[in-house]
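Working through the structure, step by step
The primary structure of each chain is shown beneath.
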Amino acid sequence: MFNFFKKALLNVHGKQPFYITTTLPYVNSDPHVGFGMEIVRADIIARYQKLVGREVFFNTGTDEHGIKIYRKAQENGKSPQEYVDEYAEKFKKLMPVLNISNDVNFIRTTDDHHMRAAQEFWKICDKNGDIYKKNYKVKYCVGCELEKTESELVDGRCPIHPNTELEIIEEENYFFRFSKYQKPLLDLYKKNSKLVIPQGRMGEIRAFVERGLEDFSISRLASKMPWGIPVPGDEKQVMYVWFDALVNYISAVGWPTDMAKFQKWWVESGGVVQYCGKDNLRQQSAMWQAMLMSAGLTPSQTIVIDGFITSGGKKMSKSEGNVINPVAVVEEFGVESFRYFVARELHPFEDSDFTMDKFKDAYNSHLANGLGNLVSRIMKMAEKNLPGPVSLPKSDLPNDFKKALEEFDIKKAADIIWERVGKLDARIQTTEPFKLIKTDEQKAISIIKELVIELYAIGKMLAPIMPETSDTIRELVRGNKTPSAPIFLRR
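Residues numbered from 1 in each chain as written. Predicted model: local features only at pLDDT ≥ 70, side-chain atom pairs only at ≥ 80, totals over all residues. Heavy atoms only, no water.

What the protein chain contains, in helices and strands, is 19 helices and 16 strands. Viewed in the frame of its principal axes, the protein chain has a C-alpha envelope of about 90 × 45 × 40 Å. Residue burial in the protein chain is summarised as follows: out of 491 residues, 56% are buried. Taking contacts inside the protein chain between residues at least 6 apart in sequence as the whole, the part at least 24 apart equals 78%. Carbon and sulfur atoms form 49% of the exposed surface of the protein chain, whose accessible area is close to 21400 Å². (Helix = DSSP H or I, 4+ residues; strand = E, 2+ residues; numbered from the N terminus. Buried < 20%, exposed > 50% of the residue type's maximum accessible area, 1.4 Å probe, protein only. Contact = heavy atoms within 4.5 Å. Areas by Shrake-Rupley, 256 points an atom, 1.4 Å probe, with all protein chains shown as cover.)

Now the structure itself:
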């Protein structure tokens, strides 16, 4: 454990490049709060890495091929390209709404460069003997875009999409020799025990691979499902959506045309950090890693697995009427409160419940009555009693805070901030400098200065999580000004 964190911190201080990516959301519906959670978490880590001095490449985008997209386009009377263009724009517009870093790379799997990269990747795997053609019959979940074995089903249905009928696919397709990579994958997991975070998910994927691997289909007949990237050398087949989409992680950083860019972000960085949901565990940490091995490319560095968001204890779904739109939340409460809730009120790795009642309670308790009230109290005392802005000492981020973010434990990092918020509020209650100023002005002013310096430190720690609030707090301190209105109004 010590060596892992020592290496991570040495990488930071050595200014090693850092590459982080989300999964690419499937554009068969509007953006939902689950993706909002994932992109905000990845943005928090990206901003933190910049804060400690690393150059960062941050990637997201949209997954736009496959049978679900094709059928949705038909239902809406549109061509698949028209349909994906419309939905990709919705996801792109979500970036500024959630205050995602303005240098985020947005890739689409319908981009020409990506499609050429996916075909080149196919050719290499084929040349290395890992692609072959055969007839097969399998149960298939359209919701997951995955084949399902009997052991994965509950009452004959996919447990993730229980309301979706399984389909039977019976045709001749190309397959990837996944079974060939059982030992190489187990060796990878042994070599990098931190490949998958949290450790419980690492255990799950190791157990999955140990049970034995079956080759998986990587194409579909174009006559049945024409919306996909053509298989090189066989126009009658299109690539299976996962085999296509996963390649975005390397096509986004230049592969195979800009190898200098690829070398920097894929190799010199030590590998990509991938955020994904728990339903992506197999694809990201086994299938994709085997595909990279087949193509002769180095593995990912870390795969961070999110839990699901439930609402009122139930999985979010349109049929339940409990889907939460992140745009609507931001419009009512502001982007900083959404980022706070994602960071501190949701578990970083397990399922979490998100209701508007819980959101409002957290907002009022920890933002309006908590941080916002603290900022107003301290800066009111400072503006009234100090001759000007305090002299701010040079300070680094606290080690426990840095360690939490190096472990991708964003909630722990946020809790560390709010522990300091609580201690600062308690100090005001016990010292009462607003009263002490009448009897011991020198001591009161000394306390107020210390309060301001600590508030500034809190503002700096907030930079990755709540960047606008961080800027506001630090500007108020540097200007020795009281906010003209509370930074978080009660709702």
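Looking now at the packing of aromatic side chains. For the coordinates displayed, the defined rule picks out 27 aromatic pairs. Aromatic side chains Tyr-275 and Phe-408 sit 6.4 Å apart centroid to centroid with 80° between the ring planes, which places their arrangement in the edge-to-face category. With a gap of 133 residues between them, Tyr-275 in strand β12 (residues 273-277) and Phe-408 in the loop between α15 (399-406) and α16 (410-431) connect regions that are remote in the sequence. Here Tyr-275 and Phe-408 have matching classes, each one buried. (Phe/Tyr/Trp six-rings, centres within 6.5 Å; stacked < 30°, edge-to-face > 60°.)

We now examine the side chain of Gln-289. Along the chain, Gln-289 turns up in helix α11 (residues 281-294). Classification of Gln-289 as buried rests on a relative accessible area of 1%. For Gln-289, the side chain forms a polar contact with the side chain of Ser-300, separated by 3.0 Å. Dropping the residues within four chain positions of it, Gln-289 is found in contact with Leu-185, Leu-188, Gln-274, Gln-284, Pro-299, Ser-300 and Ile-303. (Polar contact = N/O pair within 3.5 Å; in protein donor to acceptor, adjacent residues only side chain to side chain.)

Turning our eyes to something else, we now look at the state of the cysteines. This structure, assessed with the given rule, holds 0 disulfides. Between Cys-141, a cysteine without a disulfide, and Cys-158, which holds the nearest cysteine sulfur, the sulfur-to-sulfur distance is 3.8 Å. Residue classification places Cys-141 among the buried residues on the basis of a relative accessible area of 0%. (Disulfide = S-S within 2.5 Å.)

The topology assignment puts Ile-250 in helix α9 (residues 248-251). Along the primary structure Ile-250 and His-114 are separated by 136 residues, whereas in three dimensions their C-alpha atoms are 9.0 Å apart. When near neighbours in sequence (up to four residues on either side) are disregarded, Ile-250 contacts Phe-121, Trp-255, Phe-262, Trp-266, Trp-288, Leu-292 and Leu-297.

On to unusual backbone geometry, then. With omega at 5°, the peptide bond leading from Ile-197 into Pro-198 counts as cis. Here Pro-198 lies in the loop between β7 (196-197) and α7 (199-210). The phi dihedral of Phe-408 falls on the positive side, at around 65°, and the residue is not glycine. Judged by its relative accessible area of 6%, Phe-408 falls in the buried class. Look at Asn-480: it is not a glycine, yet its phi comes out positive at around 50°. Considering the arrangement of structural elements, one finds Asn-480 in the segment after α19 (467-479). According to the relative accessible area criterion, Asn-480 is buried, its value standing at 8%.

All right, on to the environment of Glu-214 then. Following the sequence through the fold, Glu-214 ends up in the loop between α7 and β8 (216-217). Linking Glu-214 and Val-231, residues 17 residues apart in sequence, is a C-alpha distance of 21 Å.

As defined by bridge partners, strand β4 (residues 131-141) adjoins strand β6 (residues 167-176) across 10 bridges and the pair is classed as antiparallel. Bridged to Lys-134 within β6 is Asn-173. Note: β6 against β8, 2 bridges, orientation antiparallel. Across the sheet, Phe-175 pairs through a bridge with Ser-217, a residue of β8. (Pairing = 2+ DSSP bridges.)

Strand order across the open sheet formed by 6 strands is β3-β2-β1-β12-β13-β7, with parallel pairing between neighbours. Each edge of the sheet is formed by a strand with only one pairing partner; in this case those strands are β3 (105-108) and β7. Relative to strand β13 (residues 302-306), β7 runs parallel, the two being bridged by 2 bridges. By the bridge assignment, Ile-197 is partnered in β13 with Val-304.

One can describe the packing of helix α5 (residues 112-127) onto α11 by two numbers: an axis separation of 9 Å at closest approach and a directional angle of 70°. As summarised for this structure, α5 and α11 are arranged roughly perpendicular, according to the angle between their axes. Contact residues: Phe-121, Ile-124 and Cys-125 in α5; Trp-288, Met-291, Leu-292 and Ser-294 in α11. Taken together, the residues of the contact of α5 with α11 break down into 6 nonpolar, 1 polar and no charged. (Axes fitted to C-alpha atoms, helices over the stretch in contact; angles between N-to-C directions. Parallel < 35°, antiparallel > 145°, perpendicular 65-115°, else oblique. Nonpolar A, V, L, I, M, F, W, Y, C, P; charged D, E, K, R; others polar.)

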